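Chains, contacts and geometry: an overview
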Amino acid sequence: MKAVRIHGYHQQPVVDEVPEPSVKGPLDVVIKIGGAGVCRTDLHIIEGQWDAAMHPTLPYTLGHENAGWVHEIGSAVILHPTPTCGLCRACRAGNDMHCADNSFPGLSHDGGMAEYLLTSARACVKLDPKTQPADVAALADAGITAYHAVRKAIPLLYPGTTAVVIGAGGLGHIGVQCLAALTATTIVVVDRNPDALKLASQIGAHHTVVADGSQVEAVRELTGGRGAEVVLDFVAEQGAEADGWAMTGGGGSYFVIGYGGTLQVPTLDIISTERNIIGNIVGTYNDLAELMALAEGGRVTLHTRTYPLDSAAEAFADLDAGQVRGRAILVP
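Note that the structure is predicted; figures quoted are calculated from it, not measured. (Residues numbered from 1 in each chain as written. Predicted model: local features only at pLDDT ≥ 70, side-chain atom pairs only at ≥ 80, totals over all residues. Heavy atoms only, no water.)

1. With respect to the sheet that holds strand β2 (residues 14-17)
Definition in use: A pair of strands counts as paired when DSSP detects no fewer than two bridges linking them. A run of DSSP states H or I qualifies as a helix once it reaches four residues; a run of E qualifies as a strand once it reaches two. Both are numbered from the N-terminal end.
Taken in spatial order, the three strands of this open sheet run β2-β1-β4, and their pairing is antiparallel. The sheet is open, and its two edges are formed by β2 and β4 (60-61), each paired on a single side. One ladder, built from two bridges, connects strand β1 (residues 2-6) with β4; its direction is antiparallel. Within β4, the position partnered with Ile6 by the bridge is Tyr60.

Given below as structure tokens:
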């Protein structure tokens, strides 16, 4: 089968011919891939940023946002990004993403930028027969991560509050829709790209702010000088992390979802304002199931651009150049 493989860091992935995966254990499932999302994390993988955390053996297949059909019986599924053991304390508590023995296809071993993917029955969320896997594949990571952060923020977002979304790209545009579907908060979206802000206005944002250097002051003005109760930072690099903290009001919470930057905050600044810094990784299996209910009900819509598997290099280049609105999807 064809697969998008990384052979070395700081090198462009290539499309190789590799053996099809086969079932080895009682919970193994082989998925015929219908769509694999192209994520900024893939660019970080190519740069070697995840090597120390995941220790993958090169070469291996990229792809951690995957949806397709169970190869043996044909039921359409979307895959939770981390197949889990089901036996450890975290799994028993429903915190799948903290499984003591989890794996991460596309980061720690072969992923779904291929024609077939070996995964676990525990990772499969059944789709409505009318849903095409390529249309929802990116919800498996971008979607579940955004939904998980919003879900955690819901108790803080009572009517009259403000939530700021930094970055309305692949993750952020999903976060905006989740906020609109699940809360009565006022949604402010900050992005440097006018097209991203236009999309944000169409999918639920009440206010948009251009990140032109005056964005912190603009958010302060929109919140009466107080700052926001919740800031969801889907960028968290190149200065966005400092902006996000500055936009967070006293007693508020700064949710870090993107990564790559460094947040330097004096401890006195934290305790004197009682602001919180909250980290976020992919959500639970139930988070993904709930998100699919929103998607299949038309409450959350992915904005995608599809590429054939053989054009993976073009998809990576377009993403790196900021030319992808929403999410790029590789289709075998």
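2. Some words on unusual backbone geometry
Looking along the chain, the bond that leaves Leu58 and enters Pro59 is cis, with omega of -5°. Inspection of the secondary structure puts Pro59 in the loop between α2 (51-54) and β4. At His10, a position not held by glycine, the phi torsion is positive, near 65°. With respect to the helices, strands and loops of the structure, His10 is situated in the loop between β1 and β2. If you check the backbone angles, Ala236 has positive phi at about 55° while not being a glycine. Examined against the element boundaries, Ala236 turns out to sit in the loop between β12 (228-233) and α9 (240-247).

3. Details of the pairing of strand β7 (residues 116-120)
For a regular strand, side-chain orientation follows a simple rule: the groups alternate between the two sheet faces. Heads up, the rule is: Note on classification: 1.4 Å probe, protein chains only; a residue is buried when its accessible area is under 20% of the maximum for its type, exposed when over 50%, partly exposed between these limits.
Of all five residues in β7, four are buried; the element is thus mostly enclosed. One ladder, built from five bridges, connects strand β3 (residues 28-38) with β7; its direction is antiparallel. Bridging across to β7, Asp28 finds its partner in Ser120.

4. Description of the pattern of salt bridges
Filter applied, for reference: For this document, the term salt bridge refers to a Lys or Arg side-chain nitrogen within 4 Å of an Asp or Glu carboxyl oxygen.
Tallying each qualifying case throughout the model produces eight salt bridges. For the salt bridge of Glu65 with Arg327, the shortest nitrogen-to-oxygen distance reads 2.6 Å. Here Arg327 lies in strand β16 (residues 327-331) and Glu65 lies in the loop between β4 and β5 (66-70), a separation of 262 residues in the sequence. Here the two residues Glu65 and Arg327 agree in accessibility, since each one is buried. In this structure, the salt-bridge partner of Asp269 is Arg275, at a minimum N-O distance of 2.7 Å. The exposure class of Arg275 is buried, given its relative accessible area of 8%.

5. What about helix α11 (residues 285-296)?
The α-helix advances 3.6 residues per turn, and as a result positions three or four apart in sequence lie on the same side. Where we set the bar: Working rule for helices: expected span equals 1.5 Å times residues minus one. Arc definition: it is the arc formed by the directions from the helix axis to the C-beta atoms. Throughout, a residue-residue contact means that at least one pair of heavy atoms, one from each residue, lies within 4.5 Å.
For α11, with 12 residues, the first-to-last C-alpha span of 17 Å sits near the 16 Å given by 1.5 Å per residue. What α11 keeps buried is the set Asp287, Leu288, Leu291, Met292, Leu294 and Ala295. All buried residues of α11 fall inside an arc of 155° around its axis, so they share one side. Of the surrounding secondary structure, the elements contacted by the buried residues of α11 are β6 (76-79), β8 (124-126), α4 (133-136), α5 (142-153) and α6 (172-182).

6. Some words on the packing of α5 against α6
A packed helix pair is summarised by two numbers, namely the angle formed by the two axes and the spacing between the axes. Threshold: Each axis is a line fitted through C-alpha atoms, taken for helices only over the stretch in contact, and angles between the N-to-C directions span 0 to 180 degrees. Any angle that is under 35 degrees is reported as roughly parallel, and any over 145 degrees as roughly antiparallel; angles of 65 to 115 degrees are reported as roughly perpendicular and all others as oblique. Handedness of a crossing follows from how the near helix is turned relative to the far one, being left-handed for an anticlockwise turn of less than a right angle and right-handed for a clockwise one. Amino acids outside the nonpolar list (Ala, Val, Leu, Ile, Met, Phe, Trp, Tyr, Cys, Pro) and the charged list (Asp, Glu, Lys, Arg) are all regarded as polar, and Gly is one of them.
Where α5 contacts α6, the axes come no closer than 9 Å and their chain directions differ by 45°. For the element pair α5 / α6, the angle class is oblique. Here α5 and α6 pass one another in a crossing that is right-handed. Residue-level inspection shows Ala142, Gly143, Ala146, Tyr147 and Val150 of α5 in contact with α6, the latter providing Ile174, Gly175, Cys178, Leu179 and Leu182. When its residues are assigned to classes, the contact of α5 with α6 shows eight nonpolar, two polar and no charged.

7. Focus on the packing of aromatic side chains
For clarity, the threshold we go by: Any two of the Phe, Tyr and Trp rings considered here, Trp counted by its six-membered ring, make a pair once their centres fall within 6.5 Å; the pair's planes then place it as stacked at under 30 degrees, edge-to-face at over 60, or tilted in between.
Under the defined criterion, the tally for this structure stands at one aromatic pair. Taking 5.8 Å as the distance between ring centres and 90° as the angle between the ring planes, the aromatic pair formed by Trp50 and Tyr259 counts as edge-to-face. In this pair, Trp50 is assigned in the loop between α1 (40-46) and α2 and Tyr259 in the loop between β13 (248-256) and α10 (267-273), connecting sequence segments 209 residues apart.

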